[in-house]
Amino acid sequence: MGRYLYNGVKMNSPIYQELAATEEDIKSQYEELRKNQKALKISEERYRLAVEGANDALWDWDFINNKFFISDKWKEEMGYISNSNLSIIGRITRMLHCDDVNLAMDALKEYLKGNKPYYMCEFRMKYKEDGYRWVLSRGKLLRDEKGVAIRMAGSLSDITDRKIYEEKIKKMAYFDRLTNLPNFHYFQENMNTKIEKNKEYFNFALLLIDIDNFRNINDTLGHKFGDKVLKEVSNRLKKFLDVDDNIYRTGEDEFLLVKSCIGNKKNASDFAESILEYFRNCIVVDKHEVYTNVSIGIGIYPQDGDDVFTLFKNVDSAMYSAKEHGKNRYEFFDEDIYNRILQRSYLEINLRRAVEKNEFILYYQPQMNLKTESIIGVEALIRWSHPKEGLIPPGNFIPLAESTGLILPMGKWVLKNACLQNKFWQKSGYKPIRIAVNVSALQLQQNDFINTVREVLEYTDMDPKFLEIEITESTLMSSIESNVEKLIMLKKMGIKISLDDFGTGYSSLSYLKKLPIDTLKIDKSFIDDIKNSVVDDGITGEIIQLAHKMKIDVIAEGVEKYEQVKFLKTQECDKIQGYVLSRPVPSNEVEKYLKFI
Ligand code: C2E
Ligand code: CA
Ligand code: CA
C-alpha cells in the first residue's frame, strides 16, 4: 500500500511529484524575493543615506501624479513651500533669483526640444531668509513606452564658492584695480551683447576721453600722485553718468564713456563741452592743485561704425585729431581725418623701418664768410633715401619723427655721421670747417644728451670747436632753464651754439643776452623781403647790430639773390647760407668748394 501525503495523493504518483516540484519552485521564488527585498532595503537605505548625506540635493518631478520631491535639507534652506496654491512650476520659480528665471526656463525648453542630451543650468536660488546661493542644476527626463514624458529627476549642487572664485577672476580680467572701473575687454563684450540685443533702436555716443599731458604729472610728481589723479578723474567722469550710461578705463590715462540715447550730434557736443568745462577746474590732490584738461574723440552709433571695433577705431582717430588740434577740446569722427591718420601711421611704420635699415643720407649746405668770401662751414641736412619714392625732404618726416620719438635714434645718427664726415674731410687734407647739426627739442630734453654728444666727439675724434649745434627758439623755450644749462655745458666743451630760424618764434631781442649762443641765424622770411620792403631791411639791419653788440655772430639763411648778399654786406652780416651760394649737396660735391679755401 502506498503512502498518502497530500489529501490522499500518493507520494509516488505523478501528481504528487508535480506538487512537490511546484512547492520547491515557490520556495526558491520566495527565497529570491526575500533576497531582493533585502537588497532593495539596503539599496533604499543607501539611497536615503546618500540623499541625506550629500551636499547635492536630489529632486524628482512626477508629471503624472503632479508631485515634486526635493531633499529635505535643501527644502528648508531654500525655502520651498510644499503646500501652497501655486503650481509646481510656480513654486520652483519662486525659489529662483528673478534675473535667472528666464535663463532656467530657456535651458529647460532647449532640453525638452531635444537640443541637449540633459538639462543643465546655473542659477541663483533663494537661501534662507534673504540670501541667494548659486546652484548647478542637472536633470533627465523619463518617458513611457509611448514616448510621453512622465517624470524628470536630477540634482542641485551648490556652486557658490566656485562662482565667487570665478567672479574674482573675472574681476581681475575685466576690471581696473586702481579705479575699479571695467576695462576695455569688458567694454568690448558688454557693448557687443548690448548692440546685438538692441540693434535696431540703439543709439548712443561713444566718447574717448584722454587726459592732456598726463605723462608730465607722472614724471614731475611721481606715479603714486599720478594714480591719485587718475582716481579723481574717474570720480569726476562718473558724475556725468545717467542710469544707462557706462564708463570704462581703457588705457593709462584714457577713459571710454558710453552715453545712451544721445539723439543727435548737437546733444553729443553739448555733453562733451560740459565735460571739458568741468575739467577746466583744477583738481586738488595731496594739497597740490593740478590741471587735467582732457581731449575727447566722439563717435555716434550706428552712423560712425555699426560694430564695436569700427566705432572704437573711429573714435580713437577723432581723439587723436583733438590732440593734434591743440588738446583740451573735442572732435567728432571724420572720414577724411581718419584717412589722414591712416596715412600717417603708414608713414610711421615706414619711418621705423627706415631708422632700422638706415635709409638716411646727409646733404650739406655751405656757409660763407661775407668778409673773406671763403667757406667756413656747412649745415648737415638729413634726407630720407626711400627705396621706392627716392629722396624725401626732411619737412615731410621730421615732424612725425619728433612726435613719435624716432628723432632720437635719427638725431644720434645725424650727429655721428656729420662729425665722421667732417673728420674725414679734415683727414683728407682740406682746411678744417665747422659742421652745423640741427637738434630737436626732444633730443635736447634727454638727460643723456650731453653724454651722447661727448661720446660722438670721442668716437669720431673731432675737435669740439668744429661742431655747431643748431636749435630753434621754440626748442629752447620748451624747457628754457634746463636747456640753457645744457647749452652752457656744451659751450664749455668748446661746441658752438647757433639759434636757428630767428625771427619766426618769440622774436624777443631782449632775452638774447641771457642765452649762451654764438650765432644767430636770421630766418629766410626776413631775407626774402630785403629790397622789397623797407621794414624788413630795417629790422634785419637792427638785428645784426644788436647781435654784434652782444658779441653774437649773424648768419643770414635762405639767401637766394645777389642783391640780398650786397645788402647783407652793407649791414655787416657775418655769414650767409643759401641757394645763391649752393643748394644742400651730397658730401662729394662739397669737396669742390673745399678745394678753394
Ligand atoms: P632749417 O634748419 O631751417 O634748414 C634750412 C632749410 O632751408 C633747408 O631745408 C635748406 O635746404 C633750405 N634752404 C637753404 N637755403 C635756401 C634758399 O636759398 N632757398 C630756399 N627756398 N630754401 C633754402 P631742408 O633741407 O628741406 O630742411 C628743412 C628743415 O628740416 C630744416 O630747416 C630743419 O629744421 C629740418 N632738418 C633737416 N635736417 C635735420 C636734422 O638732421 N635734424 C633735425 N632735427 N632737423 C632737421
Ligand atoms: Ca638749421
Ligand atoms: Ca633755419
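A quick note: this is a predicted structure, and the numbers were derived from the prediction, not measured. (Residues numbered from 1 in each chain as written. Chains lettered and ligands numbered in written order. Predicted model: local features only at pLDDT ≥ 70, side-chain atom pairs only at ≥ 80, totals over all residues. Heavy atoms only, no water.)

**Let's talk about the overall build of the chain**
Right, so step 1: Of the regular secondary structure elements, the chain holds 21 helices and 23 strands.
Right, so step 2: For the chain, whose C-alpha radius of gyration is 44 Å, the value lies well above the compact-globule estimate of 25 Å for 597 residues.
Right, so step 3: Each principal axis of the C-alpha atoms in the chain carries an extent, and together these give about 170 × 55 × 45 Å.
Right, so step 4: For the chain, with 597 residues in total, the buried portion stands at 43%.
Right, so step 5: Expressed as a percentage of contacts within the chain between residues at least 6 apart in sequence, the contacts between residues at least 24 apart total 61%.
Right, so step 6: Accessible surface for the chain amounts to roughly 33,800 Å². Of this, 51% is attributable to carbon and sulfur atoms.
Right, so step 7: Distance between charge centroids for the chain: 3 Å, based on 86 positive and 91 negative side chains. (Helix = DSSP H or I, 4+ residues; strand = E, 2+ residues; numbered from the N terminus. Rg over C-alpha atoms; globule rule 2.2 N^0.38 Å. Buried < 20%, exposed > 50% of the residue type's maximum accessible area, 1.4 Å probe, protein only. Contact = heavy atoms within 4.5 Å. Areas by Shrake-Rupley, 256 points an atom, 1.4 Å probe, with all protein chains shown as cover. Lys, Arg positive; Asp, Glu negative; His and termini not counted. Charge placed at Lys NZ, Arg CZ, Asp CG, Glu CD.)

**Describing the site of ligand 1**
Right, so step 1: Around ligand 1 sit 21 residues, and of these Gln-365, Arg-383, Ser-440, Glu-560 and Tyr-579 come closest.
Right, so step 2: Note that a nitrogen atom of ligand 1 is positioned 3.0 Å from one of the side-chain N or O atoms of Gln-365.
Right, so step 3: Side-chain polar atom of Glu-379 to an oxygen atom of ligand 1: 3.2 Å apart, as the coordinates give it.
Right, so step 4: Calculation on ligand 1 without its partners gives an accessible area of 780 Å², and the protein chains cover 80% of this total.
Right, so step 5: Taken together, the elements giving at least two residues each to the shell around ligand 1 come down to strand S16 (375-386), helix H13 (407-427) and strand S20 (496-502).
Right, so step 6: Top element by residues in the shell around ligand 1 is S16. It accounts for 4 residues.
Right, so step 7: Residues of the shell around ligand 1, tallied by class, amount to 9 nonpolar, 5 polar and 7 charged. (Near = heavy atom within 4 Å. Polar contact = N/O pair within 3.5 Å; in protein donor to acceptor, adjacent residues only side chain to side chain. Nonpolar A, V, L, I, M, F, W, Y, C, P; charged D, E, K, R; others polar.)

**What to know about unusual backbone geometry**
Right, so step 1: Cis geometry marks the peptide bond from Tyr-301 to Pro-302, where omega comes out at 5°.
Right, so step 2: Note on placement: Pro-302 falls in the loop between strand S13 (294-301) and helix H10 (308-324).
Right, so step 3: Unlike most non-glycine residues, Asp-286 shows phi in positive territory, near 50°.
Right, so step 4: As for its position among the elements, Asp-286 is in the loop between strand S11 (283-285) and strand S12 (288-290).

**Some thoughts on the sheet that holds S13**
Strands pair in a sheet through their backbones, by hydrogen bonds, and they do so in one of two ways: parallel or antiparallel.
Right, so step 1: Taken together, 5 strands build an open sheet; the order of strands is S9-S10-S8-S13-S14 and the sheet is mixed. In the strand order of this sheet, the two ends are held by strand S9 (246-251) and strand S14 (330-332), each with one partner. Strand after strand, the sheet turns through a mean of 20° between neighbouring axes, direction not considered.
Right, so step 2: Of the pairings in the sheet, the one linking S9 to strand S10 (residues 254-260) comprises 5 bridges and is antiparallel in character. Across the sheet, Gly-251 pairs through a bridge with Glu-254, a residue of S10. (Pairing = 2+ DSSP bridges. Axes fitted to C-alpha atoms, helices over the stretch in contact; angles between N-to-C directions.)

**Focus: the coordination of the calcium ion (ligand 3)**
Right, so step 1: Looking at the calcium ion (ligand 3), the protein donor atoms are Asp-500 (OD), Asp-501 (OD), Glu-557 (OE) and Glu-557 (OE), and they sit 2.1 to 2.7 Å from it.
Right, so step 2: Within one chain, the residues serving as donors to the calcium ion (ligand 3) are arranged as D-D-x55-E.
Right, so step 3: Separating the calcium ion (ligand 3) from the calcium ion (ligand 2) is a gap of 4.0 Å, bridged by Asp-500, which donates to each. Remark: Glu-557 occurs in strand S22 (residues 553-557) and Asp-500 occurs in strand S20; sequence separation between them is 57 residues. (Donors = N, O, S within 2.8 Å, 3.2 Å for Na, K, Ca; no water.)

**Some details on the nonpolar core**
Right, so step 1: By size, the foremost hydrophobic cluster in this structure holds 75 residues, and its most contacted members are Leu-351, Phe-360, Met-410, Leu-467, Ile-469, Leu-490 and Leu-568.
Right, so step 2: In terms of residue count, H13 provides more of this core than any other element does, 8 residues in total.
Right, so step 3: Discounting chain neighbours no more than four positions away, the residues touching Leu-351 are Phe-360, Trp-384, Phe-397, Leu-400, Ala-401, Leu-406 and Met-410. (Core = buried A, V, L, I, M, F, W, Y, C linked by side-chain atoms within 4.5 Å.)

**Description of helix H21 (residues 587-594)**
Right, so step 1: Looking only at H21, the buried set comprises Val-590, Glu-591 and Leu-594. Looking straight down H21, one finds that the buried residues subtend no more than 110° of arc, so they occupy a single side.
Right, so step 2: Of the surrounding elements, those touching the buried residues of H21 are strand S15 (360-369), S16 and H13. (Arc of directions from axis to C-beta.)

**A closer look at the coordination of the calcium ion (ligand 2)**
Right, so step 1: Protein coordination at the calcium ion (ligand 2): the donors are Glu-379 (OE), Asn-438 (OD1), Glu-470 (OE) and Asp-500 (OD), at 2.1 to 2.3 Å from the metal.
Right, so step 2: When the donors of the calcium ion (ligand 2) are listed by position in the chain, the intervening gaps give E-x58-N-x31-E-x29-D.
Right, so step 3: For Glu-379, a relative accessible area of 4% translates into the label buried.

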